[in-house]
Amino acid sequence: MKKSYMLAIWLSSTSLLLSAQNVQVKVHTDQPANQINKHIYGHFAEHLGRGVYGGLYVGDTSSIPNTDGVRNDVIDALKDLKIPNLRWPGGCFADSYHWKDAVGPKDQRLATENMAWGNVCEDNGFGTHEFLDLCEQLGAEAYLATNMNSGTVREAVDWVQYVNHANGTSYLTTDLREENGRATPWNVKFWGIGNESWDCGGNMDVDHYTDLYKQYATAMTSYSNTEGLFRVAVGPGWDDYHWTVEVMKQIPLKRLEGLSIHHYAVLEWSNKGSSYDFTDDQYFSTMKKAWFMDEFITENSKIMDQYDPENKVALVVDEWGGWYAPIPEKGQLYQQNTMRDAMIAGLTLNVFNNHSDRVRMANLAQTVNVLQAVILTEEEKMILTPTYHVMKMYAVHQDATLIPVSFDSPEYHKGEDQIPALSISASETDGKLSVSMVNMDLDKGYALKLDLSGYEFDTIKGQIIESEDIRDHNTFDQPRKVITTEFKDFKSKKGSTIVSLPAFSVMMLQFD
Ligand code: AHR
């Protein structure tokens, strides 16, 4: 249903507050919980389609304004998101990546084939130096994925030494780094050991994977100055909890800092549906898939609690987002990004916040021009997607203290099927309480009565992302159709705040 119709019914904010169903929300400001790790708000850039080449990197001879070949417009936009970490070079691309092909003078780098994505020529013009320098420009930490499929333990060990070893007198790789123009190490902490090893990363069974992991994890940390690496093991990409059990059981905790899981909100792998021309029923099904993230994290966490009761190992959701049929003429896995994606992002980030005792890192797939991107580019032009606006709105939760919320969500029905209509999370930082709310229902707005447990504040600031139609999106001709606007439709009295949350909207209220 078009939102203009809804708006005609709710002629004014007062009428919405009066007409919409009431939902009581208790915000437990008296029970502050753990810190929400900022790394939950991480991103992922793979050598895929126009994600890296054209999206992030245009080369230093390009007429598109750049710094060392990296687009200035994209850097500025990502800095505004306070991007905490960036995962690279894949994904499945990492499973056949040989980092040594992509260092040194560009005209001497080895051109290879991108075996994961379209067999296109990979000229290796963007390699380790370009990526780690890009992370420095962003002020983000790098998260490198090692090739555990066609690579070797030796390659991984050399990579760690190349980027992290400070001692110039040491073996070949450190000297090579200096020769290639970088004297000081970058000190990369985050290392993925394999990627989807049950599929493109080698079609391994879990016993084979854990044996190999132990070999990599042991060898990669044998240098005295590389202690403190954060090593992430491959976890499941669907509800294969046996995989989680075996990884947690077989890998000694002293060699494991993170366990990765992947989950995409995809209708069906064989029929993904359009990214912008979808039905209301398809919207509902996508949101149901997105909600699965909550169950997936809960079930994996239960297993981790059993084998790691002291909660030392982080759950790392290093690929998530909506995945639809690509628009091939715009690049591999290129898709539009609509209000539906804003709903997925708002919901998923609330789920991460609420599970942030165990989920301490995550990466949206992917940053530019690929899957649920925050940025789309066309030559010199760039637009910000609805997902971008959600990530920016939610950046206040980074490193803030989680404040638990409790409420009974009304259900959003489609035929016999139903999902919770509302998702909420809250955090506190510097005496400011931030409450992020998502209403997934296409037809109904809700009046939320927020009880803040005596929290004192002088002002309330509201922001909202909403639109007339769930299919709305930004284009190069109309780049500001979906943006964040100021929201004032709330009333505070007698210790509670009533806010009208329109159908399919993402909102942030900040109490200061
Ligand atoms: O993000 C796209 C692909 O999805 C990644 O390469 C792979 O890890 C996953 O299957």
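This part takes up the sheet that holds strand E10 (residues 230-234). Reading around the barrel, the eight strands line up as E2-E5-E8-E9-E10-E11-E12-E13 and close back on themselves, with parallel pairing between neighbours. Between one strand axis and the next, the sheet turns by 25° as a mean value, whatever way the strands run. Examined bridge by bridge, strand E8 (residues 141-146) and strand E9 (residues 190-193) share four bridges and lie parallel to one another. In the sheet register, Ala 145 faces E9, and the bridge partner there is Gly 192. Packed onto the sheet, helix H10 (residues 339-354) meets strand E11 (258-265), strand E12 (314-322) and strand E13 (359-365) and runs at close to 170° relative to E12.

Now for unusual backbone geometry. For the bond running from Trp 88 to Pro 89, omega is 0°, close enough to zero to count as cis. Within the fold, Pro 89 resides in the loop between strand E5 (85-88) and strand E6 (112-113). In this structure, Gly 91 follows Gly 90 across a cis peptide bond, with omega equal to 20°. With respect to the helices and strands, Gly 91 occurs in the loop between E5 and E6. Phi at Asn 311 is positive, roughly 55°, even though this residue is not glycine. Positionally, Asn 311 belongs in the loop between helix H9 (280-307) and E12. In the Ramachandran plot, Leu 333 falls in the positive-phi region, its phi being about 55° despite a non-glycine side chain. Turning to its location among the elements, Leu 333 is positioned in the loop between E12 and H10.

Around the ligand, a shell composed of Phe 44, Glu 46, Gly 91, Cys 92, Trp 117, Asn 195, Glu 196, Tyr 264, Glu 319, Trp 323, Gln 366 and Leu 371 is seen. At 2.8 Å, a side-chain N or O of Glu 46 approaches an oxygen atom of the ligand. In the model, an oxygen atom of the ligand is placed 3.3 Å from a nitrogen or oxygen of the Asn 195 side chain. Isolated, the ligand exposes 280 Å² of accessible area, and the fraction of that covered by the protein chains is 94%.

All right, on to the domain arrangement of the chain then. Domain annotation of the chain identifies domain 1 (14-33 + 403-511) and domain 2 (38-64 + 85-132 + 141-399). Listed as interface residues are 44 residues of domain 1 and, on the opposing side, 38 residues of domain 2. For the pair domain 1 and domain 2, the two sides together bury roughly 3,300 Å², of which 68% comes from carbon and sulfur. Together, Ile 470, Arg 471 and Phe 476 form the three largest contributors to the area buried by domain 1 at its contact with domain 2, with a combined 22%. Across the contact surface, domain 1 and domain 2 share three salt bridges. Asp 280 serves as the salt-bridge partner of Arg 471, at 3.1 Å between the closest nitrogen and oxygen. For the pair domain 1 and domain 2, the interface holds 17 residue pairs in polar contact (both at pLDDT 80 or more). Sorting the residues of the side of domain 1 that touches domain 2 by element identifies strand E18 (411-414), strand E19 (417-420), strand E20 (422-429), strand E21 (432-439), strand E23 (460-465) and strand E27 (505-511) as the ones contributing at least two each. Considering each element in turn, the side of domain 1 that touches domain 2 owes the most residues, seven residues, to E20. Taken together, the residues of the side of domain 1 that touches domain 2 sort by class into 21 nonpolar, 17 polar and six charged.

Moving on: the packing of helix H8 (residues 241-250) against H9. Close contact between H8 and H9 brings their axes to 9 Å; oriented N to C, the two are set at 30°. Taken together, H8 and H9 sit at an angle that is classed as roughly parallel. Once H8 is placed against H9, the crossing between them reads as right-handed. Taken together, the residues of H9 that come into contact with H8 (itself represented by Tyr 241, Thr 244, Val 245, Met 248 and Lys 249) are Phe 292, Glu 295, Phe 296, Glu 299, Asn 300, Ile 303, Met 304 and Tyr 307. Its residues assigned to classes, the contact of H8 with H9 comprises eight nonpolar, two polar and three charged.

Thresholds, definitions, all that
- Residues numbered from 1 in each chain as written.
- Predicted model: local features only at pLDDT ≥ 70, side-chain atom pairs only at ≥ 80, totals over all residues.
- Heavy atoms only, no water.
- Pairing = 2+ DSSP bridges.
- Helix = DSSP H or I, 4+ residues; strand = E, 2+ residues; numbered from the N terminus.
- Axes fitted to C-alpha atoms, helices over the stretch in contact; angles between N-to-C directions.
- Contact = heavy atoms within 4.5 Å.
- Near = heavy atom within 4 Å.
- Polar contact = N/O pair within 3.5 Å; in protein donor to acceptor, adjacent residues only side chain to side chain.
- Areas by Shrake-Rupley, 256 points an atom, 1.4 Å probe, with all protein chains shown as cover.
- Domains from an automatic or database assignment.
- Buried area = accessible area lost by both parts, 1.4 Å probe.
- Salt bridge = Lys/Arg side-chain N within 4 Å of Asp/Glu carboxyl O.
- Nonpolar A, V, L, I, M, F, W, Y, C, P; charged D, E, K, R; others polar.
- Parallel < 35°, antiparallel > 145°, perpendicular 65-115°, else oblique.
- Left-handed = near helix turned anticlockwise from the far one by under 90°.

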